[in-house]
Amino acid sequence: MTGAASNAEAETTMLDKRDIQTLMYCIRVAETTGQWQHGYPARSPNDLECKLAELLHQIEARKSIRAAA
């Protein structure tokens, strides 16, 4: 089962800080211009931004751990 964990970790490391910030910007633009498709409670703009912010925090934490080592 350790192989699955490393695959998941490899997928998340493909995104960097700029990618996540760009996605957050796109979500905001889609919402403010009225292009967001409402009706998907699991995919509200706020929920997606919160998930992206959490991912950004995880990436930054990994970088600070590597820099300290």
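Scroll up for the structure.
Visitor: Describe the overall build of the protein chain, and please don't skip the residues or the numbers.
Guide: From N to C terminus, the protein chain includes 3 helices and 0 strands. Scanning the protein chain from its N terminus toward the C terminus, one meets helices and strands in the order α-α-α. Buried positions account for 16% of the 69 residues belonging to the protein chain. Pairs at least 24 apart in sequence give 57% of the contacts found in the protein chain among residues at least 6 apart.

Visitor: Lay out the pattern of salt bridges with the relevant residues and their values.
Guide: As enumerated under the stated definition, the model contains 2 salt bridges in all. Close ionic contact of Asp-16 with Arg-18 constitutes a salt bridge, the shortest N to O distance being 3.6 Å. Judged by relative accessible area, which is 26%, Asp-16 ranks as partly exposed.

Visitor: Mind laying out helix α2 (residues 17-32), listing which residues take part and the relevant values?
Guide: With 16 residues, α2 should reach 22 Å at 1.5 Å per residue; the first-to-last C-alpha distance of 23 Å fits that figure. Residues of α2 that are buried: Ile-20, Met-24, Ile-27 and Ala-30. Along α2, the residues classed as buried sweep out an arc of 130° about the axis, all on the same side. In α2, the exposed positions that point more than 90 degrees away from the buried face belong to Arg-18, Tyr-25, Arg-28 and Thr-32. Where α2 terminates, the next one or two residues include Gly-34, which has phi positive at roughly 80°.

How each quantity is defined
- Residues numbered from 1 in each chain as written.
- Predicted model: local features only at pLDDT ≥ 70, side-chain atom pairs only at ≥ 80, totals over all residues.
- Heavy atoms only, no water.
- Helix = DSSP H or I, 4+ residues; strand = E, 2+ residues; numbered from the N terminus.
- Buried < 20%, exposed > 50% of the residue type's maximum accessible area, 1.4 Å probe, protein only.
- Contact = heavy atoms within 4.5 Å.
- Salt bridge = Lys/Arg side-chain N within 4 Å of Asp/Glu carboxyl O.
- Expected span 1.5 Å × (residues − 1).
- Arc of directions from axis to C-beta.

Note that all results are geometric; they support no functional claim without further evidence.
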